[in-house]
Amino acid sequence: KEDSVHYVLLTKQKFENFELECEFKINSGNSGVYIRVDTVSHKVKVKGFQVEVDPLFNAGGVYETLGRQWVNKADTNK
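All residue numbers refer to positions counted from 1 along the written sequence of the respective chain. The predicted nature of this model means local features are confined to residues of pLDDT at least 70 and side-chain atom pairs, given and counted, to a pLDDT of 80 or more, with totals for whole chains, interfaces and linings taken over all residues. Side-chain numbers come from the whole structure's heavy atoms, not from hydrogens or water.

**Comments concerning the overall build of the protein chain**
Moving on, step 1. Only DSSP runs of H or I with at least four residues qualify as helices, and only runs of E with at least two residues qualify as strands; both kinds are numbered from the N terminus onward. A tally of helices and strands in the protein chain yields zero helices and four strands.
Moving on, step 2. Mapped from its N terminus to its C terminus, the protein chain presents α and β elements in the order β-β-β-β.
Moving on, step 3. By the convention used here, residues are in contact when the closest approach between their heavy atoms is within 4.5 Å. Long-range pairs, those at least 24 residues apart, make up 21% of the contacts in the protein chain with a sequence separation of at least 6.

**Points about the pairing of strand E4 (residues 69–72)**
Moving on, step 1. Note that strand E3 (residues 62–65) and E4 share three bridges and pair antiparallel. Looking at the pairing, Glu-64 lines up with Gln-69 of E4.
Moving on, step 2. Should DSSP find at least two bridges between two strands, the strands are regarded as paired. If you look at the hairpin formed by E3 and E4, you'll find three residues sitting between the two strands, and Leu-66 has a positive phi there, around 60°.

**Regarding the pairing of E3**
Moving on, step 1. Bridging between strand E2 (residues 46–53) and E3 involves four bridges; their strand directions are antiparallel. Its bridge partner being in E3, Gly-48 is matched across the sheet by Thr-65.

**Notes on the confidence of the model for the protein chain**
Moving on, step 1. Known as pLDDT, the predictor's per-residue confidence is scaled from 0 to 100. Averaged over the protein chain, the pLDDT score is 80; the fraction of residues at 70 or greater is 88%.
Moving on, step 2. Predicted confidence in the protein chain is weakest over E4, with a mean pLDDT of 85, and strongest over E2, with 88.

**Things to note about the sheet that holds E2**
Moving on, step 1. Spatially, four strands are ordered E1-E2-E3-E4 in an open sheet, and the strand pairing comes out antiparallel. Each end of this open sheet is capped by a strand with a single partner; those strands are strand E1 (31–39) and E4. Averaged over all neighbouring strand pairs, the angle between strand axes comes to 25°, with direction disregarded. Fitted lines through C-alpha atoms serve as axes, helices being fitted only where they are in contact, and the angles separating the N-to-C directions of these axes extend from 0 to 180 degrees.

What follows is the structure in structure tokens.
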């Protein structure tokens with residue numbers, strides 16, 4: 001099934017070092033928080049790292065979009 005909706009929120013401000021804390025609530029689907037990305041001409045619109053937000057598995061894992069794929073999978077045994 002192809003994604004019917006894909007939204008990306010970006011800032012022009014550059015950040016050196018940072019800590020990101022967030023809370024999320026998701027009932028279904030697949031989402032994530034992109035960090036340290038570059039904009040590209042692709043339907044996803046960005047290339048870089050995404051912290052996975054998924055109600056079934058891999059929440060907290062790190063995925064490199066348009067790159068190596070899984071950089072660090074979440075421990076699903078917790």
